[in-house]
Amino acid sequence: MELRHPFITNPRLTIFYGIFWLMASAVMMLILIFSNGLDYWAAFVEVFTSILIFAFIGASVWYVIRFSTLENNSVLRIILAHLIAASIIVFIWMYLNVILVKLLNPQALEWMQKGMINKIFGGYLMYVIFVIFFYAVNYYYSFKEKVRNEGKLIALVKEAELHALKSQINPHFLFNSLNSISSLTMTDPAKAQEMVINLSQLMRYSLKHGQNEKVLFKQELENNKLYLQIEKVRFGSKLNPIFDIDEKCFQLNIPNMILQPLYENAIKYGVYEATEPVEIKTVCRCNEDFLQITIKNSYDPNVISKRGEGIGLRNIRDRLEIIYGNPHLMTLEDNRKEFTVNLTIPQKTN
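Description of the structure in this document. All residue numbers here refer to positions counted from 1 along the written sequence of the relevant chain. For a predicted model such as this one, the threshold for reporting local features is a pLDDT of at least 70, and the threshold for listing and counting side-chain atom pairs is 80 or more; totals across whole chains, interfaces and linings nevertheless cover every residue. For the side-chain quantities, the full set of heavy atoms in the structure was used; hydrogens and water were omitted.

When DSSP finds two or more bridges between a pair of strands, those strands are recorded as paired. In this description a helix means any DSSP run of H or I spanning at least four residues, a strand means any run of E spanning at least two, and both kinds are numbered starting from the N terminus. Looking at chain direction, strand S4 (residues 278-286) and strand S5 (residues 290-298) are connected through 7 bridges and run antiparallel. Each bridged residue has a counterpart across the sheet, and for Val283 the counterpart in S5 is Thr294. Linking S4 back to S5 in an antiparallel pair, the connection comprises 3 residues.

What follows is about the sheet that holds strand S7 (residues 338-346). In space, the 5 strands of this open sheet follow the order S2-S4-S5-S7-S6, with mixed pairing throughout. Strands at the two margins of the open sheet, each flanked by one partner only, are strand S2 (239-245) and strand S6 (330-334). Within this sheet the neighbouring strands show an average axis-to-axis angle of 15°, counted without direction. Each of S2, S4 and S5 is contacted by helix H9 (residues 217-235), which is oriented at about 165° to S2, the strand it contacts most. Whether two residues are in contact is decided by their heavy atoms, any of which lying within 4.5 Å being enough. Between the N-to-C directions of two axes lies an angle of 0 to 180 degrees, each axis being a line fitted to C-alpha atoms and, for a helix, fitted only over the stretch in contact. Its contacts with the sheet place helix H10 (residues 260-271) against S2, S4, S5, S6 and S7, and it is angled at close to 150° to S4.

Quick look at the side chain of Ser50 now. Position of Ser50 among the secondary structure elements: in helix H3 (residues 40-58). Side chain to side chain, Ser50 and Lys119 meet in a polar contact 2.9 Å long. Those residues in contact with Ser50 that lie beyond four places of it in its chain are Trp93, Asn97, Lys119 and Met126. We define a polar contact as two N or O atoms separated by no more than 3.5 Å, with the added condition that, inside protein, one atom must be a possible hydrogen donor and the other a possible acceptor, whereas residues neighbouring each other in sequence contribute only through side-chain atom pairs.

To continue, consider helix H5 (residues 75-104). The span one expects for a helix is its residue count, reduced by one, times 1.5 Å. With 30 residues, H5 extends 42 Å from end C-alpha to end C-alpha; this agrees with the ideal 44 Å at 1.5 Å per step. The classification of residues rests on relative accessible area computed with a 1.4 Å probe and restricted to protein chains. Under 20% of the type maximum is buried, over 50% is exposed, and intermediate values are partly exposed. Turning to H5, its buried residues are Ile78, His82, Ala85, Ala86, Ile89, Val90, Trp93, Met94, Asn97, Leu100 and Val101.

Here is the structure:
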């Protein structure tokens with residue numbers, strides 16, 4: 001629980017507080033001079049001892065508020081705490097009143113004693129005003145802290161979700177690649193060695209970047225070309241990647257490891273059971289606001305009877321929503337001969 005006084009942590013609030021009470025004192029002095037007929041010195045002493053001294057002492061009400069919150073105390077206990085605190089503050093205030101009046105304006109002492117009951121009542125009333133003020137300040141600070149903590153919690157949840165999503169992608173690909181390497185070690189050791197080297201470079205790229213870190217599209221594309229080289233070793237002429245990329249798109253940003261599941265999906269549904277070469281075409285266009293990426297592959301509808309949105313595609317959709325806050329940045333098209341994935345990657349984010 002934060003116990004530091006808001007006047008210490010927020011100098012601007014202290015300035016406003018001081019200006020308010022100085023203005024209130026000036027108004028009270030004018031009333032005493034022109035309505036009650038007091039001279040300037042007597043009016044100043046009355047305002048100084050009654051208002052400014054209470055404004056100084058009353059700042060301590062903050063600590064009563066912080067130790068007597070509604071969440072941690074019963075209503076009876078809070079009322080009792082405020083009655084005790086109000087009595088102590090009013091007693092100190094009245095004691096200082098008497099001392100200062102004796103020193104600064106002894107002639108007003110008799111008049112002050114006649115109005116002692118009204119002054120004590122006024123002291124309790126001012127305490128109530130301070131309680132309301134500091135409860136409002138406390139509520140404001142608590143609300144700000146709650147918003148800040150919720151923001152941290154949301155960030156932690158997003159990070160955890162991204163870790164979970166990405167951990168589903170990488171092991172899936174790693175499992176397939178290791179199976180392929182295992183089979184190639186007996187039939188074609190040279191290709192197996194090539195796959196191991198490419199796989200190590202691919203894993204190094206994956207581990208190098210954070211879960212929601214954005215990289216240049218050029219880096220991401222080169223990494224996925226490396227992935228396609230690995231799969232090319234497996235499938236040979238059946239896999240035919242084609243790239244139609246606008247060069248100015250290379251310097252735009254994209255979440256890392258966001259494309260690999262799309263190529264995995266294209267290979268899984270387009271290349272695995274194909275008897276003829278399958279093109280996986282990547283088209284990329286861009287402007288200052290968006291990077292538009294289209295990945296399409298042909299497939300045999302007679303071999304694949306049912307094509308759903310697999311875990312890789314769901315992960316891409318979820319990652320984009322977590323990072324950019326928009327669930328519509330990925331669209332799918334399926335005409336029973338060709339499957340197309342369209343990605344829209346915003347370049348200007350808040």
